[in-house]
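Chain by chain, the residues run as shown.
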Amino acid sequence: MAGLSERMIAVAGMVTPGKKVADIGCDHAYTAIYLASEGIASKVYAMDVAAGPLEIGRRNVRAAGLEEKIELRLSDGFRALLPGETDAAVIAGMGGSLIISILEGGREVITPGYELILSPQSDQPMVRAYLRNNKYIIKQEIMIEDQKKLYNIMRVVYVGEDGFKEEEPGLTDIYDEYGKYMLEHPSEIFTDFLDTDIEKKKALVERLDGCEGEKAAGRLEIIRQELNLALKAREYVLGVAYGKGQRNSD
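Bear in mind that the values here come from a model prediction, so they are computed numbers and not experimental data. Every residue gets a number counted from 1 within its own chain, in the order that chain's sequence is written. Since the coordinates come from a predicted model, pLDDT governs what is reported: local features require at least 70, and pairs of side-chain atoms require 80 or more to be given and counted, while whole-chain, interface and lining totals use all residues. With hydrogens and water set aside, each side-chain value is computed from the structure's full complement of heavy atoms.

Participant: Could you give an account of the side chain of N152, with specific residues and numbers?
Facilitator: Numbering goes from the N terminus for both helices and strands, where a helix is a DSSP run of H or I of at least four residues and a strand is a run of E of at least two. As for its position among the elements, N152 is in strand β7 (residues 149–158). Exposure categories follow from relative accessible area, calculated using a 1.4 Å probe and restricted to protein chains: below 20% of the type maximum is buried, above 50% is exposed, and the middle band is partly exposed. What makes N152 buried here is its relative accessible area of 6%. Whenever a nitrogen or oxygen atom comes within 3.5 Å of another N or O atom, the pair is scored as a polar contact, on the condition that within protein one atom can donate a hydrogen and the other can accept it, and that pairs from neighbouring residues in sequence are kept only if both atoms are in side chains. A distance of 3.0 Å separates a polar atom in the side chain of N152 from a polar atom in the side chain of E141.

Participant: Can you explain the packing of helix α4 (residues 96–105) against helix α5 (residues 124–133)? Please cite residues and give values.
Facilitator: For helices, the fitted axis covers only the stretch in contact; all axes are lines through C-alpha atoms, and the angles between them, taken along N-to-C directions, range from 0 to 180 degrees. Interhelical geometry of α4 versus α5 gives an angle of 25° and a closest axis separation of 8 Å. Put simply, α4 runs roughly parallel to α5. The handedness of the crossing between α4 and α5 comes out as right-handed. Packed against α4, whose contacting residues are G96, S97, I100, L103 and E104, the element α5 presents M126, V127, Y130 and L131 at the interface. Nonpolar residues are Ala, Val, Leu, Ile, Met, Phe, Trp, Tyr, Cys and Pro. Charged residues are Asp, Glu, Lys and Arg, and all others, Gly as well, are polar. Considered class by class, the residues forming the contact of α4 with α5 number 6 nonpolar, 2 polar and 1 charged. With respect to orientation, any angle under 35 degrees is reported as roughly parallel, any angle over 145 as roughly antiparallel, any angle of 65 to 115 as roughly perpendicular, and every other angle as oblique. Crossing chirality is assigned from the near helix's rotation relative to the far helix, an anticlockwise turn below a right angle marking it left-handed and a clockwise turn marking it right-handed. When checking whether two residues touch, look at their non-hydrogen atoms; a contact exists if any pair is within 4.5 Å.

Participant: Lay out the packing of helix α1 (residues 6–13) against helix α2 (residues 30–37) in plain terms, naming residues and giving numbers.
Facilitator: Where α1 contacts α2, the axes come no closer than 10 Å and their chain directions differ by 45°. As judged from the angle between their axes, α1 and α2 are oblique. In this structure, α1 crosses over α2, and the sense of that crossing is right-handed. Every residue of α2 that contacts α1 at M8, I9 and A12 is listed here: T31, Y34 and L35.

Participant: Explain the packing of aromatic side chains to me, using residue names and the numbers behind them.
Facilitator: Under the pairing criterion, centres of Phe, Tyr and Trp rings, with the six-membered ring standing for Trp, must be within 6.5 Å; the plane angle then separates stacked pairs below 30 degrees from edge-to-face pairs above 60, leaving the rest tilted. As enumerated under the stated definition, the model contains 6 aromatic pairs in all. Here the aromatic rings of F78 and Y114 are separated by 6.4 Å at their centres, their planes lie at 70°, and the arrangement is edge-to-face. Placement of F78 in the loop between β3 (70–74) and β4 (88–94) and of Y114 in the loop between α4 and β5 (115–120) is noted, with a sequence separation of 36 residues between them. The residues F78 and Y114 share a single accessibility class, namely buried. Three or more aromatic residues joined by ring pairs make a cluster, and in this case those are Y130, Y136 and Y158. Above the face of the Y151 ring, R7 is positioned so that its terminal group lies 4.6 Å from the ring centre. Over the ring of Y45 we find K43, and its NZ or CZ is 5.6 Å from the ring centre. Any Lys NZ or Arg CZ that is within 6 Å of a ring centre and within 35 degrees of that ring's normal is treated as a charge sitting over the ring.

Okay, structure coming up:
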């Protein structure tokens, strides 16, 4: 679809068909139009905090003849939504800390069973840790490349206290850093990323090792910890490949 990147097509493709979807930060409503025109969403609420992009989105929706399927609202996050109006939301193209802030503001709307498609552009480990600590389950996560940049896309469901199961002790560090689903379902792009990450950290350790000064020593210790975490993740992936890892049963 014109105006929609490969990344956002992949984001839209993660939505479970038939849901009423909130497109948070819809910009020019291209994702909302794709969800409606492809029959993925039964209804889309395209919402943005800025009036200018929303008006362009309104014109795009009108040109596509989708006014009955897409409703546009000026909204900061979930604020313009009532509980029950939607059962899924797309939040993509923004930093992880902002996504967390939006989720915090949507607690009245996000009830057990609510689906979220998240694609944080930064701070992915922070987002995963937040989800784990707030009774969400990452049902699926993929890594894709679009215009020579890597992006993570997560399909998440809020399960609440009754539906949440604690992760295995001692593994939350690699789950938060690299994603449990991707570790248990390693794609070629993810394993290449992990191997590259390890080699970069090894090179940094070599470069910093022997450098004098408290600042260099502190930096070296941090990189060594990150390298050990990456090596632990690769060992886990190899265990999965040889049938020794724990696979996600969801």
